[in-house]
Amino acid sequence: MSDDPSTGGEDSGSTRRRFLRVAGAAGLAGALGIASWSGRVLYLTGENERASIETDDPDRSRVSGPSAADVPAERLLAELDRYSAERSDVGLQACAVLEDGTRWRGVAGNADHDDVPLSLAHQLYVGSVTKLYTATLVLDLVQRGDLSLSETLDEWVDLEYAGDVTVEMLLNHTSGVPNYTSDAWFVARYFGLPRRTWEPGDLLEVIRGSSLRFAPGARHEYSNSNYVLLGVVLEAVTGEPYRALVRRLVREEAGFDRTYYLDYPGDARIANGYDESIFDLGRRNLTAFRESLETGAYAAGGILSTAPDVAGFVRALFTGEILTEATLSRMRTFVDAEDEDVPTQRGYGLGVRNLVIDGRSLVGHTGTIPGYSAIAMHHDDPEYTIAVLSNLSTIDQTGVFGRLQNAVLNEFY
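From a predicted model like this one, the values you see are computed outputs, not experimental measurements.

**Q** Would you explain the overall build of the chain in this entry?
**A** Along the backbone of the chain there are 13 helices and 15 strands. Going through the 413 residues of the chain one by one, you find that 60% of them count as buried. Counting only contacts in the chain whose residues sit at least 6 apart along the sequence, the fraction spanning at least 24 positions is 71%. Approximately 14800 Å² of the chain is accessible, and the part contributed by carbon and sulfur atoms is 45%.

The structure is reproduced here in structure tokens:
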């Protein structure tokens, strides 16, 4: 097993289907008398701006890749519209950042499938793209000297195998720690108690209930548990909650002010989330389950953001604005990591996927949390970063990304 979509699964692959059918088989909604699947929360859309381009009109001769003059704005929006229409008006919010800093932003489809259009004002959950943020927080501590990649887990967590598992193994999924989102009792409560707030200690107890799947360091196997444990380590080392660490890194230091873990304002415009796999009953609104879903995802998949914020953060990270060159190089040291759910993957670094999409080698992450999915990838030369967020958990992330990537590159070359 390579990935689990409850907090961070990827494309609509076999692991996702297994997880969602476990939830469906439990028959939780009717059995426990919980809130209706179609429960709605009203979010104002404001002005439904469909697309925009931001640029400082830089000197084109100073960059070697796509820039302001090369933005195929109409084609990018047409690609979003086309995919949204193919998936019954699924909501898509996208951003492409080019080498000169030009940003194209666009939306298609609906935030609420009762025909409330998705806008650039909406926020969406990013699933396992969260792991990129968690890894950055860990590596920031490493380069400050407050943490070492070779340190073992036993200093912070009471697990029988903690003395054999290092921080680095957690980051690149070579720890052997079993995936807590594969635990049937956790899944039952994750969906069965929609208003439950999961604490990190609750998730740790789920992890504690299973033995290692293989000897630490023996191979790669994607597990959301690794990033729950990293969240616990971060909180122990810093003495601060994960939400505060995200806020300082992303909002206060990097300047992306619409990215949150739990501490979003009460009037945040959060697009409703949908899934088509649970119970095999067609597209269902998961909005009523939001509290359980986001806190149960924690440092493995609980971040809420926007496509422009995500694209901006990923670009800043991989162009050396956040971590040092040496730390970034370590982050991009990949282990072999074939993944049945992400067939385009070639390797996995320290919180980073290496994907090859239409012949282009990219770094970043993909993600799914029930109701939402995302992809955010960066290409080095020519330089561009593209992020796509969706309010449906079963979109073809790499397929949508490929369409936008081809639009950008076909205009340039």
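**Q** Whenever I open this one, the nonpolar core confuses me. Can you help?
**A** In globular proteins that are soluble, nonpolar side chains generally tend to be buried together. In terms of nonpolar packing, the biggest core is built from 89 residues, with L153, L171, L229, Y242 and M331 touching the most fellow members. In this structure, Y242 is in contact with T130, T134, L137, L234, E235, Y261, Y298, A299 and I303, ignoring residues within four places of it in sequence.

**Q** Any chance you could explain the packing of aromatic side chains here in plain terms?
**A** For any pair of aromatic rings, geometry is given as the distance between the ring centres together with the angle between the planes. Within the structure shown, the criterion is met by 11 aromatic pairs. Considering the side-chain rings of F186 and Y190, the 5.0 Å spacing of their centres and the 25° angle between planes classify their relative orientation as stacked. Remark: Y190 and F186 occur in helix α6 (residues 184-192); sequence separation between them is four residues, near one turn of the helix. Using a relative accessible area of 0% as the deciding quantity, one classes Y190 as buried. Connected via pairs of aromatic rings, a cluster forms that spans Y180, F186, Y190, F191, W198 and F289. It is R196 that lies over the ring of W198; its NZ or CZ is 3.8 Å from the centre.

**Q** Please explain the pattern of salt bridges as it appears in this structure.
**A** Overall, the coordinates contain 21 salt bridges when judged by the stated rule. The partner of R330 in a salt bridge is E168, with the nearest N and O atoms 3.3 Å apart. Of this pair, R330 sits in helix α12 (residues 325-331) while E168 sits in helix α5 (residues 167-171); the two residues are 162 residues apart in sequence, bridging distant segments of the chain. Of the residues examined, R330 reaches a relative accessible area of 39% and is grouped as partly exposed. Linking D263 and R247 is a salt bridge whose minimum nitrogen-to-oxygen distance equals 2.8 Å. Remark: R247 occurs in helix α9 (residues 242-253) and D263 occurs in the loop between α9 and β7 (274-275); sequence separation between them is 16 residues. What emerges from the salt-bridge pattern is a single network uniting R247, R251, E252 and D263.

**Q** Mind showing me how you'd approach the pairing of strand β13 (residues 360-369) here?
**A** The side chains of a regular strand alternate, residue by residue, between the two faces of the sheet. With eight of its 10 residues buried, β13 lies for the most part within the structure. Sheet analysis places strand β12 (residues 353-357) next to β13, joined by five bridges and oriented antiparallel. Of the residues in β13, the one forming a bridge with V356 is S361. Between β12 and β13, which pair antiparallel one after the other, the connecting turn spans two residues, and D358 there sits at a positive phi close to 55°.

**Q** I'm lost on the environment of G106 in this one. Help?
**A** In this structure, G106 sits in strand β3 (residues 103-108). Judged by its relative accessible area of 0%, G106 is buried. Spatially, the C-alpha atoms of G106 and V388 are 9.5 Å apart, while their sequence positions differ by 282 residues. Leave out the neighbours within four places in its chain, and G106 touches R50, A51, L80, L92, Q93, A94 and L120.

**Q** Help me out: how do you make sense of the confidence of the model for the chain in this one?
**A** When pLDDT drops low, the exact placement of atoms in the prediction is not to be read closely. For the chain, the average pLDDT comes to 87, and 84% of its residues sit at 70 or higher. A low-confidence stretch, residues 1-13 (pLDDT under 50), is modelled with 90 contacts involving residues beyond four sequence positions or located in other chains.

**Q** Sorry, what's going on with helix α3 (residues 73-86) here?
**A** One turn of an α-helix holds 3.6 residues; hence residues three or four places apart share an orientation. Taking 1.5 Å per residue as the helical rise, α3 with its 14 residues ought to reach 20 Å, and the 20 Å between its terminal C-alpha atoms agrees with that figure. For α3, the complete set of buried residues consists of L76, L77, E79, L80, Y83 and S84. Angular distribution of buried residues about the axis of α3 spans 155°; they occupy a single face of the element. Facing away from the buried side of α3 by more than 90 degrees, the exposed set consists of E74 and A85. The positive-phi residue at the C-terminal boundary of α3 is S88, with phi of around 55°.

Parameters at a glance
- Residues numbered from 1 in each chain as written.
- Predicted model: local features only at pLDDT ≥ 70, side-chain atom pairs only at ≥ 80, totals over all residues.
- Heavy atoms only, no water.
- Helix = DSSP H or I, 4+ residues; strand = E, 2+ residues; numbered from the N terminus.
- Buried < 20%, exposed > 50% of the residue type's maximum accessible area, 1.4 Å probe, protein only.
- Contact = heavy atoms within 4.5 Å.
- Areas by Shrake-Rupley, 256 points an atom, 1.4 Å probe, with all protein chains shown as cover.
- Core = buried A, V, L, I, M, F, W, Y, C linked by side-chain atoms within 4.5 Å.
- Phe/Tyr/Trp six-rings, centres within 6.5 Å; stacked < 30°, edge-to-face > 60°.
- Lys NZ or Arg CZ within 6 Å of the ring centre and 35° of its normal.
- Salt bridge = Lys/Arg side-chain N within 4 Å of Asp/Glu carboxyl O.
- Pairing = 2+ DSSP bridges.
- pLDDT = per-residue confidence, 0-100.
- Expected span 1.5 Å × (residues − 1).
- Arc of directions from axis to C-beta.

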